[in-house]
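Analysis of the macromolecular model
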Amino acid sequence: MPLPTRVNIIDVGPRDGLQNEKQPVPTDVKVGLVQRLQDAGLAEIEVTSYVSPKWVPQMADNHAVMQAIARRGGVRYSVLTPNLKGWEAAVQDRPDEIVVFGAASEAFSQKNINCSIAESIERFAPVVEAARAAGVAVRGAMSCTVGCPYEGDIAPGRVAYLAGLMKGIGVERVDVADTIGVGTPLAVQRAIEATQQHYGIDQISGHFHDTYGQALANTLAALQMGVWNFQSSVAGLGGCPYAKGATGNVATEDLVFMLNGIGIETGIDLDRLVDAGVFISDFLGRKPNSRVATALLNKRAG
């Protein structure tokens, strides 16, 4: 199959990237990050989540962030809603899309949200129904689709099972996520094939962590299957709190550089993207977790 000519990137840095940071990130910094991402050309940004501040204090300012961002036409702003209460809070802030989540691993589901996979889907069903009724799009994040910190390798059949449950409650598109970054190209392709039992390739996105340095290889493997939607995180922000040693999402800078190099259009200005990564990294007191950003910054300085 020929590679896609254009790829859509969803930057999850403001939500998935920042939610596990122990250092509080002020509202204005989060808003500034979103602004810089859209200035760089990102057409989809995962902004925040509507979870209990008891469990994720970093996202306690969700209303303030969503109200303060300067929305731009053509940009989709998505938020995570873990339950009906979260949806009821989120809908006040007019998100373009909500994200619900489930795991292909029973053990991970229990550790993460204290319920089985089937129970998690039952919990999300009224959320999806309410969002669809309100004209808000719904995306489903499918975690641990190739590996789990508790169960090890995940069989493609488990991915197909989860995708079927997502489809059954009305989720419109899904992310095939390598949550702990242990996936390799063949395993990722098998997970995507399993997902295709219920979703067309246009409704599937890749979400790869780079723990073992495989995220770009896995992206190329997904591209070869026709996948053209991907999630990444500016400056490589993020990680998985339930998987010891799991590093962040693939850096958006690295992903864009690779796509540029193989002639795939993204609509993203790499220099401005690097500046967005520097902005948040400077606040956090560290360098961007991106080889491309490091190389370009060294080139600027040289």
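The following refers to the structure shown. (Residues numbered from 1 in each chain as written. Predicted model: local features only at pLDDT ≥ 70, side-chain atom pairs only at ≥ 80, totals over all residues. Heavy atoms only, no water.)

1. Here we look at the packing of helix H10 (residues 252-261) against helix H11 (residues 270-284)
Rule in force here: For every element, the axis is a line fit to its C-alpha atoms; helices are fit only across the contacting stretch, and the angle between N-to-C directions ranges from 0 to 180 degrees. Numbering of helices and strands runs from the N terminus, with a helix taken as a DSSP run of H or I at least four residues long and a strand as a DSSP run of E at least two residues long. Here the angle decides the label: under 35 degrees means roughly parallel, over 145 means roughly antiparallel, 65 to 115 means roughly perpendicular, and every other value means oblique. Left-handed is the label given to a crossing in which the near helix is rotated counterclockwise from the far helix by less than a right angle, and right-handed is the label when the rotation is clockwise. Any pair of residues with heavy atoms lying within 4.5 Å of one another is described as a contacting pair. We call Asp, Glu, Lys and Arg charged. Ala, Val, Leu, Ile, Met, Phe, Trp, Tyr, Cys and Pro are nonpolar, and the rest, Gly among them, are polar.
H11 packs onto H10 with a crossing angle of 165 degrees between their chain directions and a minimal axis gap of 10 Å. Classed by the angle they form, the pair H10 and H11 counts as roughly antiparallel. The way H10 lies across H11 gives a crossing that is left-handed. Side by side, H10 and H11 meet where Thr252, Glu253, Val256 and Phe257 of the first sit next to Leu270, Leu273, Val274 and Gly277 of the second. In terms of residue class, the contact of H10 with H11 is built from five nonpolar, two polar and one charged.

2. Comments concerning the layout of surface pockets
Any space left empty among the atoms is revealed by the rolling of a water-sized probe across them. Selection criterion: As defined here, a cavity is a set of points on a 1 Å grid over the protein atoms alone where a 1.4 Å probe fits but cannot get out. A pocket is an open set with protein on both sides within 12 Å along at least five of seven lines, and residues line them when an atom is within 4 Å of a point. Grid points are joined across faces, edges and corners, and a volume is the space filled by probe spheres set on the points.
As a volume, the second largest pocket reaches approximately 330 Å³. In terms of lining, the second largest pocket is formed by 17 residues, of which the most central are Asp210, Asp254, Asn289, Ser290 and Arg291. Among the elements of the structure, H10 and helix H12 (291-301) are those that each provide at least two residues to the lining of the second largest pocket. Per-element tally for the lining of the second largest pocket: the top contributor is H10, with three residues. Residues belonging to the lining of the second largest pocket are distributed by class as follows: seven nonpolar, seven polar and three charged.

3. Regarding the packing of aromatic side chains
Keep this limit in mind: A pair of Phe, Tyr and Trp rings is counted when the ring centres sit within 6.5 Å of each other, with Trp represented by its six-membered ring. The angle between the planes then sorts it: under 30 degrees is stacked, over 60 is edge-to-face, the rest tilted. Note on exposure labels: buried denotes an accessible area under 20% of the residue type's maximum, exposed denotes more than 50%, and partly exposed covers the range between, all computed with a 1.4 Å probe on protein chains only. Two conditions define a charge sitting above a ring: the NZ of Lys or the CZ of Arg must be within 6 Å of the ring centre, and it must be within 35 degrees of the ring normal.
Inspection of every chain in the model, using the stated rule, returns three aromatic pairs. With 6.4 Å between their ring centres and 40 degrees between their planes, Phe108 and Tyr150 make a pair best called tilted. Taken as a pair, Phe108 in helix H5 (residues 106-113) and Tyr150 in the loop between strand S6 (147-148) and strand S7 (152-153) lie far apart in primary sequence, 42 residues in all. Where Phe208 meets Phe230, the ring centres are 6.5 Å apart and the plane angle is 55 degrees; that geometry is what we call tilted. Of this pair, Phe208 sits in strand S9 (residues 204-208) while Phe230 sits in strand S10 (residues 229-232), placing them 22 residues apart in sequence. Across the pair, exposure class does not vary: Phe208 and Phe230 are buried alike. When the ring centre of Phe279 is taken as origin, the NZ or CZ atom of Arg36, which lies over that ring, is 3.8 Å away.

4. Quick look at the environment of Leu33
Positionally, Leu33 belongs in helix H2 (residues 27-39). Accessibility expressed as a relative area gives 0% for Leu33, which makes it buried. Along the primary structure Leu33 and Gln196 are separated by 163 residues, whereas in three dimensions their C-alpha atoms are 34 Å apart.

5. Considerations on the nonpolar core
Rule in force here: Residues grouped as a nonpolar core are buried Ala, Val, Leu, Ile, Met, Phe, Trp, Tyr and Cys residues, joined through side-chain atoms within 4.5 Å.
Core analysis: the largest hydrophobic core is formed by 92 residues, its most contacted members being Ile98, Val100, Met166, Val171, Leu273 and Ile280. Residue contributions to this core peak at seven residues, all from H11. In contact with Ile98, other than residues within four places in its own chain, are Val79, Thr81, Trp87, Val127, Ala131, Val136, Ala137, Val138 and Arg139.

6. Here we look at the packing of helix H6 (residues 117-133) against helix H7 (residues 156-168)
Angle between the axes and distance between the axes are the two parameters that describe a pair of packed helices. Running from amino to carboxyl end, H6 crosses H7 at an angle of 20 degrees, the nearest separation of the two axes being 10 Å. One finds that H6 runs roughly parallel with respect to H7. As H6 packs across H7, the resulting crossing turns out to be right-handed. Packed against H6, whose contacting residues are Ile117, Ala118 and Ile121, the element H7 presents Arg158, Tyr161, Leu162, Leu165 and Met166 at the interface. Residue classes in the contact of H6 with H7 are distributed as seven nonpolar, no polar and one charged.

7. Here we look at helix H9 (residues 215-223)
For H9, every residue scored as buried is listed here: Ala215, Asn218, Thr219, Ala221, Ala222 and Leu223. Residues of H9 that are buried sit in contact with strand S8 (173-178), helix H8 (185-195), S9, S10 and H10.

8. Side note on the environment of Thr27
With respect to the helices, strands and loops of the structure, Thr27 is situated in helix H2. For Thr27 and Gly157, which are 130 residues apart along the polypeptide, the C-alpha to C-alpha distance reads 41 Å. For Thr27, the residues in contact, after removing those within four places along its chain, are Asp61, Ala64 and Val65.

9. Examining H5
Formally: Note: the arc covers the axis-to-C-beta directions of the helix. Within 3.5 Å is the distance limit for a polar contact, defined as a pair of N or O atoms, with the added protein rule that one can donate a hydrogen and the other accept it, and that residues adjacent in sequence qualify only through two side-chain atoms.
Here H5 has its buried residues at Phe108, Ser109 and Ile113. The arc that holds every buried residue of H5, seen down its axis, measures 100 degrees, which confines them to one face. Those residues of H5 that are buried are in contact with strand S4 (97-103), H6, strand S5 (137-143) and S6. Between a side-chain oxygen at the N-terminus of H5 and the backbone nitrogen of Ala107 the separation is 3.4 Å; the capping residue is Ser105. Backbone geometry just after H5 places Asn114 at a positive phi near 60 degrees.

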